[in-house]
Amino acid sequence: MAINNTLISYRQSHLRGTLVAHKDIPGDKSISHRALFLAAFATGITEIDGLNTGEDVAHTQLALEAMGVKIENLGAGKRLVHGLGGTNLTQPKNPLYLGNSGTTTRLLGGVITPFPIAVTIYGDASLSQRPMRRMILPLKEMGATFETNTNETLPLTIRGTSTPAALHYVMPIPSAQVKSSVLLAGINTQGVTSVHEPLKTRDHTEKLMDYLGIPLTTTSHASGGQTLSVVGKCHYAAKNITVPGDPSAAVFFAVAAAITPHSCITIEGINWSPYRRRAFEVLEMMGTKVTILRRTQICGEEIADLRIESNTLNSITLEAQEAPSLIDEYPALAVAAAAARGTSIFRGLRELRYKESNRLEGIFRNLSTCGIEVRVDDDTLIVKGTSGLPIFGGVTINVFKDHRIAMALYILGMIARNPIIIQGADCIASSFPHFSSVSENLSFMRAA
Ligand code: S3P
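Since we're looking at a predicted model, the values are computed, not measured.

What counts and how
- Residues numbered from 1 in each chain as written.
- Predicted model: local features only at pLDDT ≥ 70, side-chain atom pairs only at ≥ 80, totals over all residues.
- Heavy atoms only, no water.
- Domains from an automatic or database assignment.
- Contact = heavy atoms within 4.5 Å.
- Buried area = accessible area lost by both parts, 1.4 Å probe.
- Salt bridge = Lys/Arg side-chain N within 4 Å of Asp/Glu carboxyl O.
- Polar contact = N/O pair within 3.5 Å; in protein donor to acceptor, adjacent residues only side chain to side chain.
- Nonpolar A, V, L, I, M, F, W, Y, C, P; charged D, E, K, R; others polar.
- Near = heavy atom within 4 Å.
- Areas by Shrake-Rupley, 256 points an atom, 1.4 Å probe, with all protein chains shown as cover.
- 1 Å grid on protein atoms, 1.4 Å probe; cavity = no way out; pocket = protein on both sides within 12 Å on 5 of 7 lines; lining within 4 Å.
- Points joined across faces, edges and corners; volume = space filled by probe spheres on them.
- Helix = DSSP H or I, 4+ residues; strand = E, 2+ residues; numbered from the N terminus.
- Expected span 1.5 Å × (residues − 1).
- Buried < 20%, exposed > 50% of the residue type's maximum accessible area, 1.4 Å probe, protein only.
- Pairing = 2+ DSSP bridges.

### Considerations on the domain arrangement of the protein
When the domains of the protein are assigned, the result is domain 1 (2–26 + 244–442) and domain 2 (29–242). Computed over C-alpha atoms, the centres of domain 1 and domain 2 are 28 Å apart. Across the contact, 25 residues belong to domain 1 and 28 residues belong to domain 2. The junction of domain 1 with domain 2 conceals about 2,500 Å² of combined surface from both sides, 52% of it contributed by carbon and sulfur atoms. The interface formed by domain 1 and domain 2 holds three salt bridges in total. Aspartate 328 is the partner of arginine 202 in a salt bridge, and the nearest nitrogen-oxygen pair spans 3.0 Å. The interface formed by domain 1 and domain 2 holds eleven residue pairs in polar contact (both at pLDDT 80 or more) in total. Class assignment for the residues of the side of domain 1 that touches domain 2 results in ten nonpolar, seven polar and eight charged.

Structure (structure tokens):
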């Protein structure tokens, strides 16, 4: 479903309702990309259920199809992936357009590296500015070559190789995308490919590899880091994959319920991975009532049903080591901070500058436009909350073509006396195409 380019967010008296994974909350975007990539190399046919229906994941599917992987669409979120089972990816006829999707781009680099094909990739204006050096460095060591501009941004051409070299890579910055890129290259590379992460990042690639029986070992270190090693070339049988709901999408409604007085919502079937649930724990630490109603597992991932109830919110201070577990949720948490009592401090947000937009700048500019006292000091975001008082609103917001900035500002509009107008909201379709209809269903009544 297309999303309107302009969304208007109104103040709500309270929010009520139940949001169910796949119907209301899209499938987890990170797991969806990985499910497609790993199913592509399995032996046999994988049925994927609950795939994220946004444009980013569609770009991963299109890229794989262009390289010879047959994928059948069986309706929203359901796919049949015919695995290559040991045969090679084929040379795509044309350059591949990857839209706004950084995850597709960086994972694809690793996927292409162990095959003798040359693939030109390009993206939209935002993706064309994002740093690719972090992906290029390890893949070059494995034998891929890259034709790029001096900034090492898209468009670029990746030349894979039929004789890739296994690699031990120490991550210079925490990045689940780069880690996954190297591990995906590793499954089609002879020998042991390993990645050392000084700071752990989301582990969905490892979880899915483990579920599929790919020989991956994890060694934890006393320092808090870990080393992941995969033995290639490996053959593994296709196994059906169910994708849980995306907590990074659900968090916008959790914040909406947290900041809108007298609200109570239920969210069912979301990914409750320890690497992805931190924002809900932070909301709880700030005072929101978060009740876990049910916990279960799907394909090695933890899943939860939650109830979120509004309460007085207090400010919070978050240190830099929290950043990998909250990286996609800071825009939503900044909105919670804007409604809280006291001044919240979020440290170590450097990586936020390299997302779909410079999110640190986007949060600062837009909260300022809405009359919130906010400051950026180097990589620290400081937000003075309104102590639960409504903001004035009545402003038009530029979301810098960033889906998470757009959704965060829409949620902030729920406590604004005058509507907040979100321009360029169609970018939300990259991760959550039906966001506005789900929000409208939750909105019980406009506040007077
Ligand atoms: C992602 C990892 C994170 C996150 C991004 C998705 C992934 O980026 O911000 O939205 O699916 O691996 P990093 O690579 O910076 O960890």
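### Regarding the site of the ligand
Every residue lining the ligand is accounted for by Ser30, Arg34, Thr103, Ser175, Ala176, Gln177, Arg202, Ile327, Asp328 and Lys355. Between an oxygen atom of the ligand and a main-chain N or O atom of glutamine 177, the distance comes to 3.0 Å. Across the complex, the protein chains shield 94% of the 380 Å² of accessible surface that the ligand would expose by itself. Looking at the shell around the ligand residue by residue, the class counts come to two nonpolar, four polar and four charged.

### Here we look at empty space enclosed by the protein
All told, the structure shown has one cavity of 30 Å³ or more when counted by the stated rule. Here the largest cavity defines a volume of roughly 30 Å³. Broken down by secondary-structure element, the contributors of at least two residues to the lining of the largest cavity are α10 (330–339), α11 (359–369) and α12 (403–412). Classifying every residue of the lining of the largest cavity by side-chain character gives eight nonpolar, no polar and no charged.

### Some words on helix α5 (residues 176–187)
With twelve residues, α5 should reach 16 Å at 1.5 Å per residue; the first-to-last C-alpha distance of 17 Å fits that figure. Of all twelve residues making up α5, twelve are buried, and the element is well covered by its neighbours. When we look at burial in α5, the residues that qualify are Ala176, Gln177, Val178, Lys179, Ser180, Ser181, Val182, Leu183, Leu184, Ala185, Gly186 and Ile187.

### Structural notes on the side chain of glutamine 177
Relative to the helices and strands, glutamine 177 is located in helix α5. A relative accessible area of 14% means that glutamine 177 is categorised as buried. Polar contacts involving the side chain of glutamine 177 include one to the side chain of threonine 103, which spans 2.8 Å. A polar atom in the side chain of glutamine 177 sits 2.4 Å from the side chain of arginine 106.

### Here's the deal with unusual backbone geometry
Negative phi values dominate among residues other than glycine, just as trans dominates among peptide bonds. Following leucine 154, the chain continues to proline 155 via a peptide bond in cis, the omega torsion being 0°. Within the element layout of this structure, proline 155 appears in the loop between β8 (145–147) and β9 (156–159). Along the chain, glycine 232 connects to lysine 233 via a cis peptide bond; the corresponding omega equals -10°. Of note, lysine 233 is situated in the loop between β13 (226–232) and β14 (241–242). Phi is positive for histidine 262, which is not a glycine, with a value near 65°. Secondary-structure assignment places histidine 262 in the loop between α7 (247–259) and β15 (264–271).

### Topic: helix α6 (residues 204–211)
For α6, every residue scored as buried is listed here: His204, Thr205, Glu206, Leu208 and Met209. A positive phi of about 80° marks glycine 213, the residue just after α6.

### Some points on the pairing of strand β17 (residues 301–309)
Bridging between β15 and β17 involves six bridges; their strand directions are antiparallel. Bridge pairing in β17 links isoleucine 267 to leucine 306. The sheet contact formed by strand β16 (residues 289–298) and β17 spans nine bridges and is antiparallel. Residue threonine 296 lies in a different strand from β17, and its bridge partner there is isoleucine 303. The loop that links β16 with its antiparallel partner β17 comprises two residues; one of these, cysteine 299, has a positive phi angle of about 45°.

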